[in-house]
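# Results of the structural survey
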Amino acid sequence: MPQPTEAQDAPEVQGAPEAQGAPEVAGAPDELVGPLERGLAVLRAMAAGPEVRHRPGDLARTTGLARSTIDRVTTTLVRLGLLRTEGRDLLLAPRAAELGNAYLASCGLPELLGPHAVALADALDESVSVAVPDGDGVRFLAQATRRRAMAISFRTGDLLPAERCAPGALFAARWDAADHERWRERRTKDPLDTGFPSMPPRPAGPSDEVEAEFLDRVREAREAGFAVDDQLIEPGLLAVALPVRGPDGAVVCAVSVVSHTSRHSAASLTEQALPPLRRAVTAMERALAAPGTEEAAPAAPADPSGSGLKEELGSGFLQSLARGLDVLRAFGSVRGPVRLSELARRTGLPRATARRSLITLRHLGYVREEAGGFLVLPRVLELGYARISGLSLPEIATPHLVALVLRVHESASVAVLDGDDIRYVARVASTRIMHIDITVGTRLPAYATSMGRVLLAALPEAERAARLGRITPEALTPRTVRTHEGLDEAVATTAARGYGWVEQELEEGLRSLAVPVTDGTGHVVGAVNVALHAGRATPEESLATLLPALRETAALISADLAAVGRFTRVTPA
Ligand code: PHB
């Protein structure tokens, strides 16, 4: 079957978008942007199942798109940094988090409610989560976790079936007949919850019992104003949830306190958690009602997907896909609804182009139009956010280390500061034989390593001084800096020039060069280095060839950390 080209932009999904009051942007089905629809279909397919790696042929099968279309779409998404390749495999890239970030910034909930959730978790010493309704499901937005006796932990962006968690009963208390019918249809189509990859499989049971039991809990939630999950997801897991209302009285989200049967019964959790939960919700509702800023939390600087790429890549690059994604990302720079003209201005796109992207995004359920403009919806989180938000520093760094090692043919690593040591969290060895045998988890004294000097140099002044005062350098080789003055100076030099250099101080014959890795707020969270045999080149030659490559690698890792860590904590290992 011939596939539509970008120029034709033929829609693959028929049917008029839902009417929503008097829309600023009416839009007919023939105005849908085909490449944007297909690009989002590929991202969805890559995020949906348990597989992390995808072959183009498999994507063609799961999306129903032609192989040539898959190639064009994935080439474009790779070029935009949303996908990456490993051999013939395609993987979601950390930068794909920017799509979910647009929703999380625009709705403002993680920023406004997150601190209250953390305070409640601290006060109760139990996990606390914030979730929003998404169709007939429940989407997790923020979590303050206590990892104790809990087999399951949801990630930001995970979707749960309403009937299997406490927030679901609260949201369903407001459903109309059509919502209930959609829920029933989903249950009939997928009785084992296979469409919810983060859920343990549902124990088989008669469907009408599930429904009767859910309707009971929905009624109780409506009457009591709170909902309880007594091991609906898995044995042992308990939760109690309250709704949080916006200034207009509408339920915006639910906050859950999550515990375990080893610490509580459902009744004792309710008794103990409900009063502080109520106080937290009052504080959250106050935060939502407070006049906020128009601007959302600043995003990581994004590469513009402008016409340069089109010229560079020619017909292989789907510019209308790139532009549609720009429109989606632009929601992340403003809190609340945005008008078409504002989105056009923020993306630098012609109004007509932004409008067609919006028609497409609305058709797919990613945005909604209301009185004040367009709102991005939590469904955007299905485009890979949950998988990406779970990535650790080593998982984010390793592909970049692989690229660096291929480029410079020397071993490269990432380490974090751990007390007075550095601890390796990621490493890619070159094929050359190294003298030093380092694996992930190896600890080395910070003072004698290039990464350690970078990490010490990044400490706040007082802490740096205290730390350096405490360290007693040992002569590991005849060249090791072994006085406090020498070490102070070495760290100060590292700070001033922006890279760490250690020449045969840790081990004879070993040279190492390191630069800092930062998170989205500019904090140094790690260091990346290249280590090599000192006999391979003069110090000047090593610096000239390695430093630019190392800096580029650090910038790429830092940009990924900024995207992934904007609303979730990236674990260091
Ligand atoms: C969770 O945050 O992990 C959670 C919340 C509500 C539930 C179950 C789990 O009902």
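For the structure itself, look to the data block above.
The text that follows walks through the structure, step by step, so that each part is easy to find. Everything numeric in this text was worked out from a predicted model, so none of it was measured.

The rules we used
Residues numbered from 1 in each chain as written. Predicted model: local features only at pLDDT ≥ 70, side-chain atom pairs only at ≥ 80, totals over all residues. Heavy atoms only, no water. Near = heavy atom within 4 Å. Polar contact = N/O pair within 3.5 Å; in protein donor to acceptor, adjacent residues only side chain to side chain. Areas by Shrake-Rupley, 256 points an atom, 1.4 Å probe, with all protein chains shown as cover. Helix = DSSP H or I, 4+ residues; strand = E, 2+ residues; numbered from the N terminus. Nonpolar A, V, L, I, M, F, W, Y, C, P; charged D, E, K, R; others polar. Axes fitted to C-alpha atoms, helices over the stretch in contact; angles between N-to-C directions. Parallel < 35°, antiparallel > 145°, perpendicular 65-115°, else oblique. Contact = heavy atoms within 4.5 Å. Salt bridge = Lys/Arg side-chain N within 4 Å of Asp/Glu carboxyl O. Buried < 20%, exposed > 50% of the residue type's maximum accessible area, 1.4 Å probe, protein only. Pairing = 2+ DSSP bridges.

Here the focus is the site of the ligand. Surveying the vicinity of the ligand reveals the residues S129, F140, Q143, F154, C165, A166, P167, D229, I233, A239, S256 and V258. S129 is positioned with one of its side-chain polar atoms (N or O) 2.6 Å from an oxygen atom of the ligand. Separating an oxygen atom of the ligand from a backbone N or O atom of A166 is a distance of 2.8 Å. If the ligand stood free it would expose 280 Å²; the protein chains cover 97% of that surface. Listing elements by their share of the shell around the ligand, those giving two or more residues are β4 (137–144), α6 (166–172) and β8 (251–260). When its residues are assigned to classes, the shell around the ligand shows eight nonpolar, three polar and one charged.

Helix α2 (residues 56–63) packs onto helix α1 (residues 34–48) with a crossing angle of 105° between their chain directions and a minimal axis gap of 10 Å. What the angle tells us is that α1 and α2 run roughly perpendicular. In this structure, α1 contributes A41, V42, A45 and M46 to the contact, and α2 contributes L59, T62 and T63. Among the residues forming the contact of α1 with α2, the class breakdown is five nonpolar, two polar and no charged.

Once that is clear, we can look at the pattern of salt bridges. If you walk through the whole model with that rule in mind, you get 41 salt bridges. Put simply, R67 and D71 hold a salt bridge, and the shortest N to O gap is 3.2 Å. With a gap of four residues between them, R67 and D71 both fall in helix α3 (residues 67–79), about one helical turn apart. When its relative accessible area of 30% is taken as the criterion, D71 is described as partly exposed. Between E370 and R368 there is a salt bridge, with the nearest N and O atoms lying 2.9 Å from each other. Assessed through its relative accessible area of 32%, E370 is described here as partly exposed. Several salt bridges converge on common partners, so that one network encompasses D136, E163, R164, R186, R187 and D193.

Attention now goes to the sheet that holds strand β6 (residues 227–230). The strand order across the open sheet formed by six strands is β5-β4-β3-β8-β7-β6, and the pairing between neighbours is antiparallel. Strands with a single pairing partner mark the edges of an open sheet, and in this sheet they are β5 (159–161) and β6. Direction aside, the axes of adjacent strands within the sheet are offset by 30° on average. Note that β4 and β5 share three bridges and pair antiparallel. Considered in β5, the bridge of G137 is made with P161.

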